[in-house]
Amino acid sequence: MRARTLFFPIIAIGLGATLSACTPLSTSRDSTESPRTSPRADALAALISGELSARRGDFTGGSRAYLAQNRHTPSTALLERATELASQSGDETLLLQSAELWSEAAPATSTPWQILADLYSTQENWPAALDALIHLRESPTPPPEYALVDFIDYLIQRGAPPQALIPKLSHHLDTHSDDHDARLALILANVRAARLDAAATELKRAHGLGPVPEFWLISALYHQARGNTEQAEQAAREGVERDASDARLWLALTQSALAQHDVTTASTAAQRLVALRPDDTELHTALVDDAIRHRAVETGFKVTEARTARNERDQGITALLTARLHIANDAPERALTALLTVPEGPLFLASRRQGINVLLQQHQSDRAILLIQQQQQAHPDYWLNLVDIELDLLDRLSPFSAADRRLDELIEQMPEHRDELAYTKAMHALDHGRVQKALAELEALHERTPESPRVLNAYGYTLITRTPHLAKGTALLEQAHRLAPNHFAIQDSLGWAYIKAARYRDGILLLKRAYMDAPDDEIAAHLIEALWLDQHRPQARRLLDDALQRFDDTPALNDLLSRYPDLTL
């Protein structure tokens, strides 16, 4: 099973709720004071201006007005109100500034430190995030919901190096040795950092925490890291006996039992875990994968059975998981039956593709072709997508001419869908590098549907990227943009045409809009290259770093880096 968060963190702060107790400052003033001569009147006028800005929805302006007044007359109440308005503005920098000032002015107040812990972790400033939470722990009345052990696991799952967190936790424990939550957090950090001897030492010091469920959970994690699967299973059992409602402990028990090949215990624990977290599809998928990896498909089937009983909204996912288990159990026909039960919806096409693959792995290509054609008839709303799957299948089985013949056959059978199939034929030709054939199809299609934004976009983009006819392609794309100005694909195509024509300002503007609406690898590559060519190189590098972290599959970005290696310098 891949790493996942065992400690379901509760530190994601809802700033609106956190600050709901904050109340606007009174703006009443003594009527005997002259507004032209009294500093108090000037201050009240500034605060009234800030409140009016907030009433108009300008929370940024309101917050800044309170911060400005605080510079003249320092007040924790002003900073509290500034932070509340900043939290509603969406301006993270402003929120950080106001919360930091508030925490400095009122170090014993917990709310600004809670905000800072969340903001610093979001910004991946791990030491500052931990400092903020430790400050909360060291306050006279620490908020009970801010457990260090949960927070440490949250930071590690976000990418914090566990070894960097250990010194701060150790320093805190030097002066707060009775902080058992911090002790457990330190053990967890040591386990995650593979400092198992240090973790063992701390476990001995924490042995008196037996009644605490987290102690047994961390003990199980420690023994798993040591490879002591029997001790890990026993620790998890101890934990669930003390708190049977803790899903983290049931997960640890499932993992440990699977590692022990204790299928009965693993199956029971997995069912209980699904009952506790019925909507956690990611967790259920990981459980099935772990069961397959340990050759314990019985446990996996218990997971899908529990999902079927408790999660009626996601039966398509359950069918896919069931199919995966049947394939692992060498039962391809049962896998195919499960896949064909996936209803129309977001998983429908993926399930049919998987069904085709099951048949191909059984060397039943003719049956695969028949199946996908039957699916086209049974699901008319998806027929064109299913045609695409059939074309991919034919390409895998024979030269692309077979797919062309199938398209011609469909056009003859369904003349009312001629244009849609002609577009598919053009795209299929492009996929196989047959540019002239694709252009001929697109030109004929354009003559029949001159006002189709999709056809104009495909025709124009092919001309600007595959031929020297930049001006003609740009004109077609401009027409498409006039017809559909907000379509991200058309914005991307026209923006890229402008970049190729060295119209950088116009092109970058369109590419930014496209990337904002539909961020993907290809649009990111276009925008980064445009920024680079227009000498906005720091911005291009920042966007590249963000895109490489954001997208799993990055062929366009990889191609860009091969052409512009200086982007990584």
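So, here's what we can say about the structure. None of these values were measured; they are calculated from a predicted model.

## Brief notes about the overall build of the protein chain
Assigned secondary structure in the protein chain consists of 32 helices and zero strands. The contacts of the protein chain with a sequence gap of at least 6 include a subset with a gap of at least 24, amounting to 53%. With the model as given, the accessible surface of the protein chain reaches about 27,600 Å², and the carbon-plus-sulfur share is 49%.

## As for the environment of Ile508
Mapped onto the elements, Ile508 comes out in helix H29 (residues 504-517). Leave out the neighbours within four places in its chain, and Ile508 touches Ile499, Leu527, Ala530, Leu531, Asp534 and His536.

## Overview of the packing of aromatic side chains
The geometry of an aromatic ring pair is captured by the separation of the ring centres together with the interplanar angle, meaning the angle of the planes. All told, the structure shown has three aromatic pairs when counted by the stated rule. Residues Phe215 and Trp216 carry aromatic rings whose centres are separated by 5.0 Å and whose planes lie at 80° to one another, so their mutual orientation is edge-to-face. Just above the ring of Tyr498 sits the side chain of Arg503; from NZ or CZ to the centre is 3.8 Å. The side chain of Arg537 reaches across the aromatic face of Trp532, ending 4.1 Å from its centre.

## Brief notes about the packing of helix H7 (residues 126-137) against helix H8 (residues 148-158)
One can describe the packing of H7 onto H8 by two numbers: an axis separation of 11 Å at closest approach and a directional angle of 170°. Taken together, H7 and H8 sit at an angle that is classed as roughly antiparallel. Where H7 approaches H8, its residues Trp126, Ala129, Leu130, Leu133, Ile134 and Arg137 are matched on the opposing element by Leu148, Phe151, Ile152, Leu155 and Arg158.

## So, the packing of helix H24 (residues 418-431) against helix H25 (residues 435-448)
Viewed as axis vectors pointing N to C, H24 and H25 meet at an angle of 155°, and their least axial separation amounts to 8 Å. In terms of orientation, H24 and H25 fall into the roughly antiparallel class. You can see that H24 and H25 cross each other, and the crossing is left-handed. Residue-level contacts link Arg418, Asp419, Ala422, Tyr423, Lys425, Ala426, Met427, Ala429 and Leu430 of H24 to Val435, Lys437, Ala438, Glu441, Leu442, Leu445 and Arg448 of H25. Counted by class, the contact of H24 with H25 contains 10 nonpolar, no polar and six charged residues.

Rules behind the numbers
- As a convention, each chain's residues are numbered from 1 in the sequence order in which they are written.
- Whole-chain, interface and lining totals are the exception, using all residues; otherwise, since this is a predicted model, local features are given only for residues with pLDDT of at least 70 and side-chain atom pairs are given and counted only at 80 or more.
- The basis for every side-chain value is the complete set of non-hydrogen atoms in the structure, without hydrogens or water.
- A run of DSSP states H or I qualifies as a helix once it reaches four residues; a run of E qualifies as a strand once it reaches two. Both are numbered from the N-terminal end.
- Only heavy atoms enter the contact rule, under which two residues are in contact if any of them lie within 4.5 Å.
- Per-residue and other accessible areas were derived by the Shrake-Rupley procedure at a 1.4 Å probe size, with only the shown protein chains allowed to occlude residues.
- Any two of the Phe, Tyr and Trp rings considered here, Trp counted by its six-membered ring, make a pair once their centres fall within 6.5 Å; the pair's planes then place it as stacked at under 30 degrees, edge-to-face at over 60, or tilted in between.
- Whether a charge sits over a ring depends on NZ of Lys or CZ of Arg being within 6 Å of the ring centre and within 35 degrees of the ring normal.
- Under this scheme, a helix contributes an axis fitted over its contacting stretch, all axes are lines through C-alpha atoms, and angles between N-to-C directions fall in the 0 to 180 degree range.
- Geometric relationships in this document are graded by angle, where less than 35 degrees denotes roughly parallel, more than 145 denotes roughly antiparallel, 65 to 115 denotes roughly perpendicular, and other angles denote oblique.
- Handedness of a crossing follows from how the near helix is turned relative to the far one, being left-handed for an anticlockwise turn of less than a right angle and right-handed for a clockwise one.
- Think of it as three bins: nonpolar holds Ala, Val, Leu, Ile, Met, Phe, Trp, Tyr, Cys and Pro, charged holds Asp, Glu, Lys and Arg, and polar takes everything else, Gly as well.

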